[in-house]
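Here are the chains, one letter per residue:
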Amino acid sequence: SNPQRVGQRKHLDRQTDDATAEASGLDRKLRAALDDLRVLENDFNRAALEQEVRVLESSYETLCAARDQAGALRVTGRLSERLRMLGDLERAQTYAERHHVLCLALGSDEERARGLVRVAAVRQFLGHHEAAEPLFREAVRMCDRLGIVGVKDFALQHFGKCLVEMNRLDEAAECFKE
């Protein structure tokens, strides 16, 4: 009876080892499949963003030809964001600056503050932290003065990240606490 139990135990151990190896293999295959899906999703998202940029640029040209500055205001902000997401930072900066000029001429207080943050964020992404910092500060002051909470949170988040990238961690922590 005892040798029979030892044999059963060895058999169960082999089955457990086989099942563990199979599960491990399935886990690796599942992770690989998920990685493949992420790559496809990123490619799809990138293609969708690139298509959106083409449509927005065409719209911008049409709006400029029609001298529709209010329409151009809406389109330039989105163009700047999408181009930044795609990593086309020079073009993102161009549209962010156009957007900011239009915000100054036509925009509400909130749009003007958001326009400042857009320009600052693109400069930050370009690595021009010293040029971004005063714009972030101005946007935060404007939001405080005018009681614009949502844009202030957005500005503080990007400003804090900018300060981290400048290795000014204590100041960054203050942005994230506020």
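Everything below is about the structure printed above this text.
Summary of the structure given here. (Residues numbered from 1 in each chain as written. Predicted model: local features only at pLDDT ≥ 70, side-chain atom pairs only at ≥ 80, totals over all residues. Heavy atoms only, no water.)

Digging into empty space enclosed by the protein
A complete count under the given rule lists 1 cavity of 30 Å³ or more for this structure. Considering only enclosed or pocket space, the largest cavity measures out at about 40 Å³ in volume. Residue lining of the largest cavity: Ser80, Glu81, Arg84, Arg118, Ala121, Val122 and Phe154, and that is the complete set. Every element with two or more residues in the lining of the largest cavity is listed here: helix H2 (69-86) and helix H4 (109-125). (1 Å grid on protein atoms, 1.4 Å probe; cavity = no way out; pocket = protein on both sides within 12 Å on 5 of 7 lines; lining within 4 Å. Points joined across faces, edges and corners; volume = space filled by probe spheres on them. Helix = DSSP H or I, 4+ residues; strand = E, 2+ residues; numbered from the N terminus.)

Thoughts on the pattern of salt bridges
Scanning the entire structure with this criterion turns up 17 salt bridges. Across the pair Glu52 and Arg82 runs a salt bridge, and its minimum N-O distance is 3.2 Å. Note that Glu52 is positioned in helix H1 (residues 2-65) and Arg82 in helix H2, a separation of 30 residues in sequence. Assessed through its relative accessible area of 21%, Glu52 is described here as partly exposed. Judged by its relative accessible area of 17%, Arg82 is buried. Across the pair Glu165 and Lys161 runs a salt bridge whose closest N-O atoms are separated by 2.6 Å. Taken together, the residues Glu165 and Lys161, both in helix H6 (residues 149-165) and 4 residues apart, mark about one turn of the helix. Glu165 gets classed as partly exposed once you look at its relative accessible area, which sits at 38%. Judged by its relative accessible area of 37%, Lys161 falls in the partly exposed class. Residues joined by salt bridges that share partners form a network here, namely Glu52, Arg78, Glu81, Arg82 and Arg118. (Salt bridge = Lys/Arg side-chain N within 4 Å of Asp/Glu carboxyl O. Buried < 20%, exposed > 50% of the residue type's maximum accessible area, 1.4 Å probe, protein only.)

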